[in-house]
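# An overview of the molecular structure
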Amino acid sequence: MQLETIYDTTPVALCMIDRQGRLVMSNKAMAQLMDDTLSDAPESHIADLMPGCWHQVLAAFALADTGAAIPSREIVWRKRCYDTHSVPVHDASGNVVGLSVTWVDITERRRAEQKLASANAILQQHAQHDHLTGLFNRRYMDECLSNAITNALDEQFPLSVCLADIDYFKRYNDTYGHQAGDQCLRRVAEALVGARRQSEDNVSRYGGEEFLVILPRTDSAGALAMAERMRQSINALRIPLAASPTGYLTISIGIATLSECSMVTEDRPLHIIASGVINQADTALYAAKRRGRNGVVAAAAVQRA
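Let me sum up the structure you'll find in this document. (Residues numbered from 1 in each chain as written. Predicted model: local features only at pLDDT ≥ 70, side-chain atom pairs only at ≥ 80, totals over all residues. Heavy atoms only, no water.)

## Some details on the packing of helix 6 (residues 138-155) against helix 10 (residues 270-290)
Orientation of helix 6 relative to helix 10, taken along the N-to-C sense of each, is 105°, at an axis distance of 10 Å. The orientation of helix 6 relative to helix 10 falls into the category roughly perpendicular. Contact with helix 6, carried on its side by Leu145, Ser146, Ile149, Thr150 and Leu153, involves Leu270, Ile273, Ala274 and Ile278 of helix 10 and no other residues of that element. Per-class residue counts for the contact of helix 6 with helix 10 are 7 nonpolar, 2 polar and no charged. (Axes fitted to C-alpha atoms, helices over the stretch in contact; angles between N-to-C directions. Helix = DSSP H or I, 4+ residues; strand = E, 2+ residues; numbered from the N terminus. Parallel < 35°, antiparallel > 145°, perpendicular 65-115°, else oblique. Contact = heavy atoms within 4.5 Å. Nonpolar A, V, L, I, M, F, W, Y, C, P; charged D, E, K, R; others polar.)

Here it is, written out as structure tokens:
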């Protein structure tokens, strides 16, 4: 009687299911889980009460018959989540005649885990993206560049990077104010993203008014075409800038291609290769600035000069 009292009053839902699917024993917590429908039914079948769970009961019986351990399973029932654990019940001959099932309500735990996962996703978003433009930030793009270089070297395909800088941006801020400057950065970022030809092309705000574009599987000719496409997309915005010789906002772009960089050797660490690619693109960018801005220069041209 003491054991029956403990069984019936424990807050954890408990039940026993025979091989025909009948609930031959259940406690009050199980009745509450089933909205007290068990007390009104002379003979309750799990297949009728919880048809979505019957196949799991059959699977548990099949495992029990082989002597294998029955894993815990999560079951969603009436918008609540339960962790269920089944233990086989044997007769005197050792045959499996039923399952003793424990139902633990883990709904609140799952909700807390979902909130934590959402919070972590937001933190990850902030860690990887620039808050002003929504583009990838420099720290994350440094990781992306290292990964892209590894893939390019392993698979022997070309990789190019474009380093773009807004021309006369300090004058823009001085003339129109920093709020207008922020809006200008957003418009430039949107135009650069819109100019991409393939989804794997990554665009980031690399610092201030600089943007980095990683172009996997793109050789020098393809990078030049892409850079020119980006340059023209900014020109098409026709953002007024009286301090510019053109009268509107423009960008200058420097290009470096991995297969043409002299630092690519087997004994060089990955971060050194990445730094070399960025340095060559930066050198090409300033060559474009010296040539009058609003232009595109490739690192190979710099090397020949």
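Anyway, onward from the coordinates.
## Concerning the nonpolar core
Formed by 31 residues in total, the largest nonpolar core has its most connected members in Phe211 and Met230. Listing elements by their share of this core, those giving two or more residues are strand 6 (159-166), helix 7 (169-176), helix 8 (178-194), strand 8 (210-216), helix 9 (220-235) and strand 9 (251-257). For this core, the element with the highest residue contribution is helix 8, accounting for 6 residues. Beyond its immediate chain neighbours, meaning those up to four positions away, Met230 contacts Cys162, Leu192, Ala195, Val213, Ile251 and Ile253. (Core = buried A, V, L, I, M, F, W, Y, C linked by side-chain atoms within 4.5 Å. Buried < 20%, exposed > 50% of the residue type's maximum accessible area, 1.4 Å probe, protein only.)

## Points about the pattern of salt bridges
Summed over the entire model, instances satisfying the criterion amount to 16 salt bridges. The closest approach of N and O atoms between Asp65 and Arg19, which form a salt bridge, is 2.8 Å. Of this pair, Asp65 sits in helix 4 (residues 54-66) while Arg19 is found in the loop between strand 1 (13-18) and strand 2 (23-26), placing the two residues 46 residues apart along the sequence. (Salt bridge = Lys/Arg side-chain N within 4 Å of Asp/Glu carboxyl O.)

## Overview of the environment of Phe61
Looking at where Phe61 falls in the secondary structure, it is placed in helix 4. Sequence separation of Phe61 and Val96 is 35 residues, and the distance between their C-alpha atoms is 7.8 Å. Not counting the four nearest positions on each side in its chain, Phe61 is found in contact with Ile17, Asp18, Arg19, Val96, Val97, Gly98 and Leu99.

## Regarding the sheet that holds strand 10 (residues 296-298)
Judged by pairing direction, the sheet is mixed, and its 5 strands sit side by side in the order 7-8-6-9-10 without closing on themselves. Edge positions in the open sheet fall to strand 7 (202-207) and strand 10, since each of these has one partner strand only. The average undirected angle you get between the axes of adjacent strands in this sheet is 20°. Bridge analysis of strand 7 against strand 8 gives 5 bridges, and the strand direction is antiparallel. Counted as the bridge partner of Val203 is Val213 from strand 8. Contacting strand 6, strand 7 and strand 8, helix 6 crosses the sheet at an angle of about 135° to strand 7. (Pairing = 2+ DSSP bridges.)

## Concerning the pairing of strand 9
Within strand 9, 7 of the 7 residues are buried, which leaves the element mostly enclosed by the surrounding structure. Alternating positions in strand 9 separate into two faces, Ile251, Ile253, Ile255 and Thr257 on one and Ser252, Gly254 and Ala256 on the other, with burial throughout. As paired strands, strand 6 and strand 9 are joined by 7 bridges and run antiparallel to one another. Across the sheet, Asp165 pairs through a bridge with Ser252, a residue of strand 9.

## So, the sheet that holds strand 1
Spatial ordering of the open sheet is given by 2-1-5-4-3, a layout of 5 strands whose pairing is antiparallel. Each of the sheet's edge strands pairs with one partner strand only, and the pair in question is strand 2 and strand 3 (73-77). Put simply, the sheet's adjacent strands are angled 30° from each other on average, direction ignored. Direction of pairing for strand 1 relative to strand 5 (residues 96-105): antiparallel, over a ladder of 6 bridges. For Asp18, the partnering residue across the bridge sits in strand 5 and is Gly98. Its contacts with the sheet put helix 5 (residues 107-128) on strand 3, strand 4 (80-90) and strand 5, and the angle it makes with strand 4 is roughly 130°.

## A closer look at the side chain of Ser244
The residue Ser244 is located in the loop between helix 9 and strand 9 in this model. For Ser244, a relative accessible area of 7% gives the class buried. For Ser244, the side chain forms a polar contact with the main-chain oxygen of Tyr248, separated by 3.3 Å. (Polar contact = N/O pair within 3.5 Å; in protein donor to acceptor, adjacent residues only side chain to side chain.)

## Description of unusual backbone geometry
Within the chain, Arg78 stands out as a residue other than glycine whose phi angle is a positive 50°. A positive phi is found at Tyr168, a non-glycine position, where the angle reads about 55°. Here Tyr168 lies in the loop between strand 6 and helix 7. Its relative accessible area of 17% is what places Tyr168 among the buried residues.

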